Amino acid sequence: MGLFRRRPMFAGILVIALGVVWLLKNLGLLTMDIGDLFRVYWPVLLIAWGVDVLVPGLDRGGAVWRFGTGRLLNGLVLLLLGAVILGSNLGYYQLNFGLFWKVFWPVLIILLGWSILRGGVAGGGTHWAVMSGLELKNEGWKLDDGNYLAFMGGAKIDLSVAEIPQRETTLSITAVMGGVEVRVPPGLNVECEGAAVLGGVKFFREEAGGIVASRRLVRSGNTDSQARVKIYCRAVMGGIEIKDA
């Protein structure tokens, strides 16, 4: 089962919630100011995000499959953080998050910059999936050097049906609050290198995730082929999985 086989639920919940609040306000059924409503209940988005991270780990029968360390940790942290902040906003207790936010965002930016410096940047074009989905799975699509960014969205890149050139091809993949899945055909020479900040990266059966993590893997394939794919991955509050087709 892929990490991101379904459409991103978090982005959908966010858009639907905004639409419902706007509709209720226009119909006069909501008297609370939208600004005050968001100020109190915005942690619900963190809780929804945490659920969105954890839900793919459940099969149709409700049995739990093997969670990746990064996903499990991130989902639980988001759920706990959202619940704690919501309780404070509702007045059940008082917490001072001023110092936390002053430290959290600059540290996150620093870690993001660190992950970018560690990873490579591919030539060629840039493919975007911003609060949407991107799929490259048509038979015979031509692989070339390129950059892929999933922001609150998902992308699936199937190399098993692609025309892979007989040279080294470089892919730079970034997932920010989103997910990217890459399917690799058997026999292909692959080199994967990636870093995760509050996210996870999984290269075949090798996985790294959590607050800050990195992983590198080289898999030798057909020695007679000149085709080689080098994949640089960066996951920030998201996940990237490289798997067999």
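Everything here concerns the structure above.
Residues numbered from 1 in each chain as written. Predicted model: local features only at pLDDT ≥ 70, side-chain atom pairs only at ≥ 80, totals over all residues. Heavy atoms only, no water.

S.K.: What is the right way to look at unusual backbone geometry in this model?
M.R.: As a rule of thumb, non-glycine residues mostly have phi less than zero, and peptide bonds are mostly trans rather than cis. Backbone geometry at methionine 131 places phi at a positive 50°, although glycine is not the residue there. Here methionine 131 lies in the loop between strand E1 (125-130) and strand E2 (133-136). If you check the backbone angles, methionine 177 has positive phi at about 55° while not being a glycine. Position of methionine 177 relative to the elements: it lies in the loop between strand E7 (168-176) and strand E8 (179-184). (Helix = DSSP H or I, 4+ residues; strand = E, 2+ residues; numbered from the N terminus.)

S.K.: Before we go on, may I ask you to explain the layout of surface pockets in this structure?
M.R.: Once rolled over the atoms, a probe with the size of a water molecule shows which space is left empty. Roughly 410 Å³ of internal volume is contained in the second largest pocket. Forming the boundary of the second largest pocket are 17 residues, of which Ala17, Leu18, Val21, Leu37 and Phe38 lie nearest the centre. Contributions of two or more residues to the lining of the second largest pocket are made by helix H1 (9-26), helix H2 (34-41) and helix H3 (43-54). The greatest single-element share of the lining of the second largest pocket, amounting to eight residues, is contributed by H1. (1 Å grid on protein atoms, 1.4 Å probe; cavity = no way out; pocket = protein on both sides within 12 Å on 5 of 7 lines; lining within 4 Å. Points joined across faces, edges and corners; volume = space filled by probe spheres on them.)

S.K.: Please explain the nonpolar core as it appears in this structure.
M.R.: In a soluble, globular protein the nonpolar side chains are often hidden away together inside. Within the largest apolar cluster, 36 residues are counted, with the highest numbers of intra-cluster contacts made by Leu159, Ile231 and Ile242. Core analysis: the second largest hydrophobic core is formed by eight residues, Leu46, Ile85, Val176 and Met237 among them. (Core = buried A, V, L, I, M, F, W, Y, C linked by side-chain atoms within 4.5 Å. Buried < 20%, exposed > 50% of the residue type's maximum accessible area, 1.4 Å probe, protein only.)

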